[in-house]
Amino acid sequence: HVHRTIQLIKSHGKRAGIVLNPATSLSAVENVLGDLDLVLVMSVNPGFGGQAFIESQLAKIAALRKAIDALGKKIDLEVDGGVNTETAKRCIAAGADALVAGTAVFAGGPDKYAANIKALRG
């Protein structure tokens, strides 16, 4: 009951979001998109770090950006999974507002974190 859950969250004055796994189609959110504050596109199958970015998710990101913009609402579009210096650029170009990066940030240990983050920001 996605709609009911979104309404419950919002009734408590909180922002509501939804996550789309790689195999989940956009039709799963089209009827509630206007009620959301955030859509997170998983660009890997959730479960463990270090997976390769699933290229087909770029089209999903672009389609979501178009749908969000058509609504004229502030809905954050976030991407999580396989985000590195190359895929980050492509996700932003497709319309993402925010990126989640794990392996790309933590590679090389604490002495590399700042440089890794700087590289992701391009």
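Throughout what follows, the structure given in this document is the object of discussion. (Residues numbered from 1 in each chain as written. Predicted model: local features only at pLDDT ≥ 70, side-chain atom pairs only at ≥ 80, totals over all residues. Heavy atoms only, no water.)

## Side note on the overall build of the protein chain
When helices and strands are counted, the protein chain shows five helices and four strands. For the protein chain, the N- to C-terminal ordering of α and β elements is α-β-β-α-β-α-β-α-α. Its C-alpha atoms give the protein chain a radius of gyration of 15 Å, within 12% of the compact-globule value 14 Å for 122 residues. Going through the 122 residues of the protein chain one by one, you find that 34% of them count as buried. Across the protein chain, every contact between residues at least 6 apart in sequence was considered, and the portion connecting residues at least 24 apart equals 49%. Within the structure as shown, the protein chain displays about 7,200 Å² of accessible surface, and the carbon and sulfur contribution to it stands at 57%. Of the charged side chains in the protein chain, 14 are positive and 11 negative, and the gap between their average positions amounts to 2 Å. (Helix = DSSP H or I, 4+ residues; strand = E, 2+ residues; numbered from the N terminus. Rg over C-alpha atoms; globule rule 2.2 N^0.38 Å. Buried < 20%, exposed > 50% of the residue type's maximum accessible area, 1.4 Å probe, protein only. Contact = heavy atoms within 4.5 Å. Areas by Shrake-Rupley, 256 points an atom, 1.4 Å probe, with all protein chains shown as cover. Lys, Arg positive; Asp, Glu negative; His and termini not counted. Charge placed at Lys NZ, Arg CZ, Asp CG, Glu CD.)

## Digging into the pairing of strand 2 (residues 38–42)
Burial analysis of strand 2 places four of its five residues in the buried class, the great majority of the element. Sheet topology places strand 1 (residues 17–20) next to strand 2; four bridges connect them, and they run parallel. Bridge pairing in strand 2 places Leu20 opposite Val41. Pairing geometry for strand 2 and strand 3 (residues 76–80), over five bridges, is parallel. If you follow Val41 over to strand 3, its bridge partner there is Val79. (Pairing = 2+ DSSP bridges.)

## Let's talk about the packing of aromatic side chains
Each aromatic ring pair is summarised here by two numbers: the centre-to-centre distance and the angle between the ring planes. One pass over the full model with this rule turns up one aromatic pair. Geometrically, the ring pair formed by Phe106 and Tyr113 is edge-to-face, given 5.1 Å between the ring centres and 85° between the ring planes. We classify Tyr113 as partly exposed; its relative accessible area is 28%. (Phe/Tyr/Trp six-rings, centres within 6.5 Å; stacked < 30°, edge-to-face > 60°.)

## Examining the pattern of salt bridges
Within the structure shown, the criterion is met by seven salt bridges. For the salt bridge of Asp76 with Arg15, the shortest nitrogen-to-oxygen distance reads 2.7 Å. One end of the pair, Asp76, is in strand 3; the other, Arg15, is in the loop between helix 1 (2–11) and strand 1, with 61 residues separating them in the sequence. Judged by relative accessible area, which is 52%, Arg15 ranks as exposed. Bridged by salt links that share partners, the residues Arg15, Lys74 and Asp76 form one connected network. (Salt bridge = Lys/Arg side-chain N within 4 Å of Asp/Glu carboxyl O.)

## What to know about the environment of Gly102
With respect to the secondary-structure elements, Gly102 resides in the loop between strand 4 (98–100) and helix 4 (103–106). For the pair formed by Gly102 and Ala67, sequence separation is 35 residues and the distance between their alpha carbons is 28 Å.

## Considerations on the side chain of Asn116
Assignment of secondary structure puts Asn116 in helix 5 (residues 113–121). With residues up to four places along the chain from it excluded, the contact list for Asn116 reads Ala104, Val105, Phe106 and Ala107.

## Thoughts on the sheet that holds strand 4
Strand pairs in the sheet, formed through backbone hydrogen bonds, run parallel or antiparallel to each other. The strand order across the open sheet built from four strands is 1-2-3-4, with neighbouring strands paired in parallel fashion. Both edges of this open sheet fall to strand 1 and strand 4, since each of them pairs with a single strand only. Across the sheet, the mean angle from the axis of one strand to that of its neighbour is 20°, orientation sign disregarded. (Axes fitted to C-alpha atoms, helices over the stretch in contact; angles between N-to-C directions.)

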